[in-house]
Each structure stands twice: as C-alpha cells, then as structure tokens.
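Residues per chain are reported as follows:
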Amino acid sequence: MKKRKALLKNATMFTLALVVGLAAVGPVQAQQRDSISIVGSSTVYPFATVVAERFGKAGGFKTPKIESTGTGGGFKLFCAGVGVQHPDISNASRAIKASEFETCQKNGVTEIVEVKIGFDGIVLANSKKAPQLVFSSKDIFLALAKEVPDPKGGEGLVPNPYKTWKEVNPSLPEVKIEVLGPPPTSGTRDAFLELAMERGALAFESLKKLAKEDAKKFQKIFGSLREDGGYVDAGENDNLIVQKLVANPNAVGIFGFSFLDQNTDKIQGAKVDGHVPTFENIADGKYPLSRPLFFYVKKAHVGVIPGIKEYLAEFTSEKAWGKDGYLSEKGLIPLPEAERKKVAENVKNLTVLKDVK
Amino acid sequence: MNSGRETAYSGEPQERRTIAVVRASLPRRYRSERRFRFFGLLAIVLSIGFLALMFASIIAQGYTAFRQTEIRLPIFFDPEVLHADALARADYGALIRHGLDRLFPDVRGRQERRELFALISSAAVYELRDFVMRDPELIGQTLEVWLKAGADIDMAVKGHFRRELPEDERRVTDRQFAWLDRLAAEGRLEKRFNRTFFTAGDSREPEQAGIWGAVCGSFFTLAVTLILSFPIGVAAAIYLEEFARRSRFTDLIEVNINNLAAVPSIVFGLLGLAVFLNFFHMPRSAPVVGGLVLTLMTLPTIIIAARSALKSVPPSIREAALGVGASRVQTVLHHVLPLALPGMLTGTIIGMARALGESAPLLMVGMVAFIVEIPKGFTDPATVLPVQIYLWADSPERAFVERTSAAILVLLAFLLVMNGAAIWLRKKYERRW
C-alpha cells in the first residue's frame, strides 16, 4: 500500500509539474519571426534546401524553414495574405496560374517577384540490364494515352489497343508496356502530360486539327493516361520507382532528372526524339522533356523578415545556380547565361510581376 | 455427435456406452486440436517471419550509416588565410585544397583537381571553421585532421558503387578510386563512428545530416501531448466512470469517444490547421501546435484505457472506503486511482508511442519541413522523427538510403523503449484479484 501511495503522490506531483510547465508555455502568439519561411513544390525542395542550408551555415542569418507542400498547396499558403504568419517565398515547378495570381491580389499580396531558377528534365528510364530504349514522343503518346487514333485508319478514337512496345513501333522491343509514373497530384505528372503527351498527340494530323477546333477536348485526350495496367501510379516517391525498375527490367519509369543523375549505375534514360537525357542536352534545350522551375517572393516581406534579400542574392549567385554551381551538382539544369543575368537583375531590383496570362 | 447418440440408444445399449462414443470420436477431436494448434503456430511463425524480414532488411540497409568514411589530411592553419579578426568568414576551403595538394602534388588540370577536391565533403569547411573558432591557438600550426569524405566517396568506400562498371555509369571516377586506394594504403582513410548522425540537424549533404533536430522536435511535441492528454484523459475517465450517472447523454459521449479513437489521424491535422493555426494564429511548424494536434488524437485512446483500468478495480475497495466514512472524492483519489494508475500509465504510453510514429496530421500544421537548426523550445520550428524519415526517403542522393534506414532504427528503438516501459510498469505495479 505504501508503494502505491508513493506512486500516487509522484503521479500527482508529476501532473502538477506538467500543468505548471504548460502554463509557462501558455501564450504562444508568434508576432515576429526571424527566419525566412518557404513553402511549395517538392521538385524545387531539393534545390531550395541546399541554398537555404549554405545560406544559414555562412552565418549572419538563421537557416530558412522550407516546407514541402506541393506547388498548388504552396500558393494557397503564400497567397493567404501579408504578415509574419504567412510564408515569404513559394517554390513552384510551374509558373503561377492566373487564378492563383488573382487570389494573391485579393488577399493583399499585390507585389510578387518571380524568379526563374533553372530547368528540370523529366526522364523515361529503364534498368541497365535491358537495352536502352529509343522513343519518339509519338510512341510515348501511343503507348500511354487512354484513347488513340484508330490504327486501322479513319478519324475515330479507339481505346488503347497496344499491349507491347513492338506493336507501338516495330523498332522497339517485344516487351509488355509497363510504365511506372507519378500520381495525378504530382506536378511532375502535369509536366509530363504537357511536354510528352501533348507533343506526341500533335504528331497526328487528326488530333492537330482537333487541337485548333476544340482545345478542351484535345486536352482531355492527351491528358488521360490509360488505366488498364499499362500505366501504373507508383506514388510520389521517386526512389521507389528506381528500385522497382531495378527489380523489373521490363518496366519503364517516369521521374525527375536528378534521380537518374544519382543512379546512373543502375538505370539509363531513354532517348526521346533523338536525344539522351543528359545534363548538357537538357541545358541546351535539345532534350524535349524539360520544364522551368520558379520561386515567388512576397515583396512586402523584404526588409521585414531579416535575410530575404541576402537569400535571393545567394540563390541567384553564379556559385549557386551557375553552370558549375553547387545546384548543378544536385541536378538543377541552369538557365542560359543571358537569361541568368536578366533574372538576377530583376531580383536585385525586386521587379514586381505585373500580369499573368 | 447426434448419430453417435442415436446408435447408442437404438442399437445395442450394453455395448455402445458413452465411453465408447467418446472413444470413437477421440481421434477426430485430437485431429481437430492438432489442426487448430498447427494453424495457430503457423500464424505466429508467419508474423514473426515478416517482422524478422522487416528488421533484417532495415538493419542490413541501415547499419552502415552509423559509420562514416573520413580522410586524414595534413592541414596547415595558414595565418595568411586566417585573419584573427575575420575568422568566421575566412576561406577554409583553401586550407583543405592546400592539404590535398600536399598529398597529391602531381594532380593538375581543372577537371582533375575538381575530382580531387570532391573527395572531401563540401561541408567540411564548416567543421574546420568551428575547430579554429574554438581554439584560435591553432593558427600557424600544421595538424593532421580527420575530415568527412563526400557522400559519393562514402558510398564507394562502403561498396555501393561497383568498380567493375564503366566509368561514366558511376558517380566516382577511376582517378578517385586510385586516390582512395592510396589514401587507404597510407592509413589516411577510415570508417569512423558517425557522431554527426546523432548530434546534427537535417542537412542536404548526407554526410552532414543528423537526427538530433528531429529527436528534439519529437521530444517537445510529445511533451506537450503528454502534459495535456494525460491529465485531461484521466480526469475525463474518472468523471465518466466514477461520478457521472448513466444517461443517454453519457452513452452518447461514450459512443463518440470510441468513434474518435478510430478516426484517421489526418482528420485531426485538418482540425488543427483550422482551429490552432487559422483561428488562434499559432505559429506554423511549432511543436506546441503539433503536440496539440496529437493530443486530440491520443485523448480517446487514453480515456478508453483509463476507464478500463478504473473498471478493473473491484467495487469492494470503493465500498470499504465509503464504509469507513470517506467521501466519494476521497474514495476515488485515495483508493481507486492508485490501483488503476498502472493500467492508465500503460495506456498512456501506448498512446504516446502511437503519437511518436505519426506524421500525417503534422503535415497540415507545417511540420513536414526542412529545418536545420535544432529546436530549443516549444515554439521553434521543428520536425519529428517519422517526418525526417519521410523526407530522407524522398531525397535523390544515394547516401540517404542508408540514413533513412538508420533513422528508422532509431525510431524503432524509441518505440521499443516506450513499449518496454509500459510492460515494466504493468508488471511492477499491477495487482490481480
């Protein structure tokens, strides 16, 4: 009984101590912030974090906090208003949409600085154990679209009849079509649809005509991936896709260039429209599947939150985003030099985004 | 059974006695018992097998992360480079380059030199800086210093890049392999205990990344959860169990509590976003908000465990206390609660263990973030262990694969300790009637 009473006493004291402790924590209103708060795209995340870390380590300012929320989620937070409880910068794997820009304006975020930071390639890759694949964007469209032009001729569309790559294009191997790619929530998938699928669809005269006449319908055609097992949602984790490719030499994966860059001993990128996805080819714009990456800055926060100007300067310095900068080592494809200069100039002057089409 | 009984009565009653019926059915019953045991055993073997498989794969992938390749360089703390008044901003990279040049004087050419400098982690300059800042006396001396190797070099030394592959298919070149061989032969290359992994915050350079930031974040978050959910949960359970009269209203509350215990955790995250962030304007990414969200999530579990602990205290205890004149509050606080406490604590710890492994609800309140600085309080931006694992699993760098597994091992160790504590508490204080 004595032991038990001691336990009770201890427990009461403990609880009391905890409650007192909480009361001390009590009013947690963050009315000021001394570190930059960044939200947005998971594609830009690996690059922004590298800059943030170096920026923090160099001393002078705290390391910015970077949340990986996705491009859309990032803009939602970014455009919610001006003030310390709202983020200062939003990373994006596409340009800001007109609707998002409007939301921003409505909530008082009127001055936004757009910073284009470089390119990201989207690669189709397979295991090193299998031969390297050579695709045209037309092949990609035929293999992955839900509906394709009737192979027997005619104007109509039929549900995708192709089972193997050889049926799509006789020069490809006789292997079942099995593509692992990102889910619909992913920005990589949106970019893949616009870059590869749309390009492939435009290779058909009938669809080209449709694109001019009924853009919405055309978008639905290149934007719908097959659901009969030829295309598999492999989740947001690109490392997982790489592992699956190694285990299954017949599968093809779709993901960002940096994952190919890190795993060149296990997987190889497919040639698309005659070009291999290499750093140089993407930088030159020869490799067709690449998209620009951005981040957006709230001008109203510059000077209020310490370090924003310096962070921008670090990001747009040659040692970061330049041709041999540390971001290129992480897989970011730099902008051409002239464009880098122009963007850096804009950033320096904090030129505000006027209008979004 | 039926047919047996029928023959026993209708046939020849003298010979077909009950014992005969029992004997006749014995083999069948033995068989069915053996079958049942076999399936039971099979179920256990199967689950242990899967568990062992999981542990084996995580440990096999993760144990290498506890050791990190380091390279010993002769560093001359050059007074030309290190000016006493600007130590923080000196060019420490120059010291490292100089050290490498000393070991490999014949390496020329831009590309070749770049490869040489890539042997050492890009973050080693900060290590060196801290080293000098701590002891400025070093300036002017030459010392042998162990510096971290770059992540790709580390992977190569650990055997993740096979040398047989063509040069352009691996991230370590032939030249670099040759230098590594020479360094190893000279005793300048060693795998040493990876202290950084346990003391640093997150980093995008795998060799600089550590889990201490996430451990601290988890600590602060769970502290808030415990502080709030234990007293509130126990108080609610005591009231419901000992004081409240059974009515439709308390039945409704009970149904709701049981329901809440089964609600997916992300829902609590959404609630936290709406209430704590948007309404109360609490800071994003702060452990205090994460703790509040996890409190909401663990409260039902704790209330249910606490109520069943109270139920298991026999009514005779209460009657005896009331009989000698104790008030109801006295009865509960002096007699019932102490007996129920071990059960309550067990339930609480199991609830806490679940909260420790949770990441989904924290996404909504901004704790899925890259945070380098170690959180020092309840309102500093922080992340937690499971989130750290998720972020590393998503990183392209190869060296993060083993670090992900190592972080999982650390998380599992914490869970093991917590569940062990729950069992120990139960064993130590439990009383059976």
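Preceding this section is the structure that the text describes.
Since the structure is predicted, the reported quantities are computational estimates derived from the model, not experimental observations.

**Description of the packing of helix α9 (residues 212-243) of chain B against helix α12 (residues 287-311) of chain B**
Residue and element names in this part refer to chain B. Across the interface, α9 lies against α12 with an axial gap of 6 Å and an inter-helix angle of 35 degrees. Helix-helix and strand crossings are classified by hand; for α9 and α12 the assignment is right-handed. Considering only residue class, the contact of α9 with α12 consists of 18 nonpolar, nine polar and four charged.

**Section: a nonpolar patch on the surface**
A cluster of nonpolar residues, B:Tyr239, B:Phe243, B:Val329 and B:Leu333, forms a patch on the protein surface that exposes about 370 Å² of accessible area. Of all the secondary-structure elements, those providing two or more residues to the nonpolar patch are α9 and α14 (328-356) of chain B.

**Remarks on α14(B)**
Its 29 residues give α14(B) an end-to-end C-alpha distance of only 36 Å, which falls more than 12% under 42 Å, the value for a rise of 1.5 Å per residue. A maximum bend of about 55 degrees is found in α14(B) at B:Leu337, where proline B:Pro338 lies one to four positions downstream.

**Side note on the side chain of A:Gln262**
One can find A:Gln262 in helix α11 (residues 257-262). Beyond its immediate stretch of four places on either side in the chain, A:Gln262 contacts B:Asp152, B:Arg171, B:Pro396, B:Glu397 and B:Arg398.

**Notes on the interface of chain B and chain A**
Residue-level contacts link 54 residues of chain B with 47 residues of chain A. With both sides pooled, the region where chain B packs onto chain A buries about 4900 Å², and carbon together with sulfur makes up 56% of that total. Interface area lost by chain B to chain A is led by B:Arg204, B:Phe370 and B:Pro396, which between them contribute 13%. Where chain B meets chain A, there are seven salt bridges. Linking B:Arg398 and A:Asp265 is a salt bridge whose minimum nitrogen-to-oxygen distance equals 3.0 Å. The tally of links from chain B across to chain A stands at 21 residue pairs in polar contact (both at pLDDT 80 or more). Within the residue set of the side of chain B that touches chain A, elements represented by two or more residues are α4 (110-117), α5 (124-134), α9, α14, β4 (369-370), α16 (385-393) and α17 (399-429) of chain B. Counted by class, the side of chain B that touches chain A contains 28 nonpolar, eight polar and 18 charged residues.

Quick notes on the rules
- Residues numbered from 1 in each chain as written.
- Chains lettered and ligands numbered in written order.
- Predicted model: local features only at pLDDT ≥ 70, side-chain atom pairs only at ≥ 80, totals over all residues.
- Heavy atoms only, no water.
- Axes fitted to C-alpha atoms, helices over the stretch in contact; angles between N-to-C directions.
- Helix = DSSP H or I, 4+ residues; strand = E, 2+ residues; numbered from the N terminus.
- Left-handed = near helix turned anticlockwise from the far one by under 90°.
- Nonpolar A, V, L, I, M, F, W, Y, C, P; charged D, E, K, R; others polar.
- Patch = residues over 30% accessible without salt bridge, like charges linked within 9 Å, V, L, I, M, F, W, Y side chains within 5 Å.
- Areas by Shrake-Rupley, 256 points an atom, 1.4 Å probe, with all protein chains shown as cover.
- Salt bridge = Lys/Arg side-chain N within 4 Å of Asp/Glu carboxyl O.
- Expected span 1.5 Å × (residues − 1).
- Bend = angle between axes of the 7 residues up to and from the residue.
- Contact = heavy atoms within 4.5 Å.
- Buried area = accessible area lost by both parts, 1.4 Å probe.
- Polar contact = N/O pair within 3.5 Å; in protein donor to acceptor, adjacent residues only side chain to side chain.

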